[in-house]
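The lines below spell out each chain.
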Protein chains: 2
Amino acid sequence: MGAMTAPRRQARGLARIEGILDGAASLLGEGGIEAVAMNAVARRAGISPGSLYQYFSDREELLAALARRYAERLAAVAPPTATDAVVRDGDLTAVIDAVLDPMLDYTLRNPESRALVVGGDGGLERIVEPVRQAVTERLVALVAARAPQLSGAETRRVAHMCDRIFSATVPALLDADDAERAALARELRVVLQRYLEPIDRGGPGARRARALTPSNASPSRRRRASGG
Amino acid sequence: MGAMTAPRRQARGLARIEGILDGAASLLGEGGIEAVAMNAVARRAGISPGSLYQYFSDREELLAALARRYAERLAAVAPPTATDAVVRDGDLTAVIDAVLDPMLDYTLRNPESRALVVGGDGGLERIVEPVRQAVTERLVALVAARAPQLSGAETRRVAHMCDRIFSATVPALLDADDAERAALARELRVVLQRYLEPIDRGGPGARRARALTPSNASPSRRRRASGG
DNA sequence: GTCGTTTACGAGCGATCACTCGCATTGGGC
DNA sequence: GCCCAATGCGAGTGATCGCTCGTAAACGAC
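This is a predicted model, so every value here is computed, not measured.

### Section: the protein's contact with DNA strand C
- Taken together, 23 residues are adjacent to DNA strand C, and Arg59 of chain A together with Arg9, Ser48, Gln54 and Tyr55 of chain B come closest.
- For DNA strand C, the backbone portion of the atoms within 4 Å of the protein, that is sugar and phosphate, comes to 73%.
- Contact distances for DNA strand C include 2.8 Å between a phosphate oxygen and a backbone N or O atom of methionine 38 of chain A.
- Contributing elements (two or more residues each) for the surface near DNA strand C: helix H2 (38-45) and helix H3 (49-55) of chain A together with helix H1 (11-31) and helix H3 (49-55) of chain B.
- Looking at the surface near DNA strand C element by element, the count peaks at 4 residues for H3 of chain B.
- Its residues placed into classes, the surface near DNA strand C shows 7 nonpolar, 9 polar and 7 charged.

Laid out in structure tokens, this is it:
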């Protein structure tokens with residue numbers, strides 16, 4: 001690995017990098033990974049194809065940098081960590097909202113989320129790993145804080161499951177119109193709420209059994225007051 | 001459109017088609033959609049590249065046929081329909097098992113599931129649609145049978161959610177070793193159970209509150225709303 | 001048998017795409 | 001002002017890949 005010392009970037013170069021990643025991100029959001037062709041990225045960023053390789057040694061590295069930047073920004077907007085007040089003292093609904101709201105907001109504002117969050121097939125899997133890991137690590141810490149009775153493996157499993165559930169709903173959310181999107185987001189909260197409630201705070205009713213008012217539970221609907 | 005009448009296939013030709021799809025499926029399972037190159041499929045099937053186009057007009061059609069065959073086989077092994085006894089009379093756990101077991105079995109036996117079930121990005125999305133639709137339609141019927149109190153839109157949403165939760169766990173299941181795989185499958189059941197229990201049979205305790213014994217709740221806590 | 005259709009071949013065409021190379025320009029440190 | 005690294009260009013290269021085409025054998029119906 002003769003990785004020569006990275007060149008000392010000038011301000012201009014750093015700005016270029018951002019521009020390149022911006023172009024790549026928009027292409028990724030518009031046409032999936034296949035649309036992220038090097039020439040297309042260069043054109044979108046307003047530079048020459050050759051200049052791309054001034055900053056990224058190959059396509060893989062560009063995509064990796066794109067995923068890294070996405071993961072960092074996502075982590076930056078999803079504030080609650082295990083030491084936050086909400087996580088320590090809030091009830092489950094509050095914690096779920098505190099985690100989910102910023103993530104949904106960021107995810108839905110960035111069309112490239114479809115490719116970077118769901119990953120799936122197409123060579124994206126390896127690239128998407130940093131994103132998934134960043135999210136999962138945060139969730140592991142959160143689950144550990146709220147459900148300390150779980151073993152390490154169980155904690156990881158629960159966190160992973162939550163991550164998967166979230167990721168799986170992202171494409172549907174991106175495709176839906178505003179009304180359906182809100183309904184889906186609510187449904188996502190219901191899934192997580194019902195899944196986590198029995199293990200939260202060491203078990204059901206450990207503190208106080210909060211009335212769980214599902215959006216679709218009983219025939220006598222209309223009882224829902226708190227939304228997103 | 002100028003769709004010329006399909007040629008009258010001889011037995012040999014039909015066998016070839018299966019062989020081609022087998023080759024494509026194995027390639028898809030091994031290296032994702034990028035590995036499903038026409039020349040590679042031909043080599044894997046032991047025929048000439050030109051012969052592929054005797055049966056499929058282009059790559060897209062081959063992939064579509066592959067997805068269609070996968071969806072049909074998946075539907076064939078997942079027996080319970082809305083009219084089945086389990087769905088009519090069984091408790092929720094039994095229904096979940098009856099639906100999930102064959103699907104998991106089929107999915108885990110076929111490595112191409114990773115590409116065909118999760119879909120995601122990479123041009124697979126359009127191709128994967130028949131698979132997703134086939135599964136979702138079945139689930140909609142099932143949810144409608146067990147939760148008739150839901151509106152059409154709610155039913156679809158719940159079914160879609162279940163489908164997504166299932167699909168999202170598939171890659172993790174495929175990657176895991178046997179022990180972790182069993183644990184994940186159990187966790188998947190827990191998620192679905194807790195999600196669906198409040199709406200099953202028209203609501204919680206509508207018939208009789210079934211004891212829910214989660215795999216990861218705190219050891220001494222088995223209490224649940226059994227007083228009904 | 002005869003004839004038209006189906007099956008089969010495989011070299012090669014055209015297009016795409018990641019990446020290179022030679023060279024010109026700019027900017028910062030001294 | 002000098003110098004070297006950083007920045008910038010864009011036509012071109014090699015490889016890959018989907019697909020075609022001319023040809024020929026195998027098959028089925030009569």
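There is more to say, and it comes next.
### Some remarks on the environment of arginine 201 of chain B
Residue and element names in this part refer to chain B.
- Note on placement: arginine 201 falls in the segment after helix H10 (178-196).
- The class of arginine 201 is partly exposed, set by a relative accessible area of 22%.
- In sequence terms arginine 201 and glutamine 149 are 52 residues apart; their C-alpha atoms lie 8.5 Å from each other.
- Looking at arginine 201, its side chain comes within polar contact range of the main-chain oxygen of arginine 88, at 2.5 Å.

### A short note on the protein's contact with DNA strand D
- DNA strand D sits among 23 residues. The nearest are Arg9, Ser48, Gln54 and Tyr55 of chain A together with Arg59 of chain B.
- Contact between DNA strand D and arginine 16 of chain A: a phosphate oxygen at 3.2 Å from a side-chain N or O atom of the residue.
- At 2.7 Å, a side-chain N or O of tyrosine 55 of chain A approaches a phosphate oxygen of DNA strand D.
- Contributing elements (two or more residues each) for the surface near DNA strand D: helix H1 (11-31) and H3 of chain A together with helix H2 (38-45) and H3 of chain B.
- A class-by-class count of the residues in the surface near DNA strand D yields 7 nonpolar, 9 polar and 7 charged.

### Some points on the confidence of the model for chain A
Residue and element names in this part refer to chain A.
- Confidence in the prediction of chain A, expressed as mean pLDDT, is 87, and 87% of residues score 70 or more.
- No element of chain A has a lower mean pLDDT than helix H5 (residues 85-89), which averages 86, and none a higher one than H2, which averages 98.
- Taken as a whole, residues 207-228 scores under 50 in pLDDT and shows 34 contacts with residues more than four places along the chain or in a different chain.

### A word on helix H6 (residues 92-109) of chain A
All names here are of chain A.
- Given a rise of 1.5 Å per residue, 18 residues ought to cover 26 Å, and the 26 Å separating the end C-alpha atoms of H6 matches this to within 8%.
- Leucine 100 marks the point of greatest bend in H6, at about 25°, and the proline proline 102 comes within the next four residues.
- Turning to H6, its buried residues number three or more, namely Leu92, Val95, Ile96, Val99, Leu100, Pro102, Met103, Leu104, Tyr106 and Thr107.
- Contact partners of the buried residues in H6: helix H4 (59-77), H5, helix H7 (113-118), helix H8 (124-146), helix H9 (152-175) and helix H10 (178-196).

### Things to note about the interface of chain B and chain A
- On the chain A side, the residues contacting the 47 residues of chain B number 46 residues.
- There are 4 salt bridges connecting chain B and chain A.
- The partner of arginine 157 of chain B in a salt bridge is glutamate 180 of chain A, with the nearest N and O atoms 3.0 Å apart.
- For the interface between chain B and chain A, the tally reads 8 residue pairs in polar contact (both at pLDDT 80 or more).
- When residues of the side of chain B that touches chain A are traced back to their parent elements, those giving at least two are helix H7 (113-118), helix H8 (124-146), helix H9 (152-175) and H10 of chain B.
- Per element, the largest residue contribution to the side of chain B that touches chain A is 11 residues, and it comes from H9 of chain B.
- When grouped by side-chain class, the residues that make up the side of chain B that touches chain A number 20 nonpolar, 14 polar and 13 charged.

### Examining the layout of surface pockets
- Roughly 1,300 Å³ of volume is contained in the largest pocket.
- Lining the largest pocket are 48 residues, and of these Val118 and Arg164 of chain A together with Val118, Ala168 and Pro171 of chain B sit closest to its centre.
- Going through the elements one at a time, H7, H8, H9 and H10 of chain A together with H7, H8, H9 and H10 of chain B are the ones with two or more residues in the lining of the largest pocket.
- Class assignment of the residues belonging to the lining of the largest pocket gives a composition of 15 nonpolar, 12 polar and 21 charged.

### Thoughts on the packing of aromatic side chains
All names here are of chain A.
- Scanning the model with the defined rule gives 2 aromatic pairs over all chains in all.
- Note on tyrosine 70 and tyrosine 106: the rings are 5.2 Å apart at their centroids and 55° apart in plane angle, and the pair reads as tilted. Of this pair, tyrosine 70 sits in helix H4 while tyrosine 106 sits in helix H6, placing them 36 residues apart in sequence. The same class applies to tyrosine 70 and to tyrosine 106, which are both buried.

### Description of the packing of H8 of chain B against H9 of chain B
Residues and elements named next belong to chain B.
- At a minimum axis distance of 8 Å, the contact between H8 and H9 shows a crossing angle of 130°. Classed by the angle they form, the pair H8 and H9 counts as oblique. Seen along the crossing, H8 lies across H9 with a hand that is right-handed. In this structure, H8 contributes Arg132, Val135, Thr136, Glu137, Leu139, Val140, Val143 and Ala144 to the contact, and H9 contributes Thr155, Arg156, Val158, Ala159, His160, Cys162, Asp163, Arg164 and Ser167.

### Re the relation of the copies chain B and chain A
- Overlaying chain B on chain A yields an RMSD of 0.0 Å, the required transformation being a rotation through 180° with an accompanying axial translation of 0.0 Å. As the rotation angle and translation indicate, the two copies are arranged about a two-fold axis.
- A shared binding surface is used by both copies, with 91% of the interface residues of chain B retained as interface residues in chain A.

Thresholds, definitions, all that
Residues numbered from 1 in each chain as written. Chains lettered and ligands numbered in written order. Predicted model: local features only at pLDDT ≥ 70, side-chain atom pairs only at ≥ 80, totals over all residues. Heavy atoms only, no water. Near = heavy atom within 4 Å. Polar contact = N/O pair within 3.5 Å; in protein donor to acceptor, adjacent residues only side chain to side chain. Helix = DSSP H or I, 4+ residues; strand = E, 2+ residues; numbered from the N terminus. Nonpolar A, V, L, I, M, F, W, Y, C, P; charged D, E, K, R; others polar. Buried < 20%, exposed > 50% of the residue type's maximum accessible area, 1.4 Å probe, protein only. pLDDT = per-residue confidence, 0-100. Contact = heavy atoms within 4.5 Å. Expected span 1.5 Å × (residues − 1). Bend = angle between axes of the 7 residues up to and from the residue. Salt bridge = Lys/Arg side-chain N within 4 Å of Asp/Glu carboxyl O. 1 Å grid on protein atoms, 1.4 Å probe; cavity = no way out; pocket = protein on both sides within 12 Å on 5 of 7 lines; lining within 4 Å. Points joined across faces, edges and corners; volume = space filled by probe spheres on them. Phe/Tyr/Trp six-rings, centres within 6.5 Å; stacked < 30°, edge-to-face > 60°. Axes fitted to C-alpha atoms, helices over the stretch in contact; angles between N-to-C directions. Parallel < 35°, antiparallel > 145°, perpendicular 65-115°, else oblique. Left-handed = near helix turned anticlockwise from the far one by under 90°. Least-squares fit on C-alpha atoms with pLDDT ≥ 70 in both.

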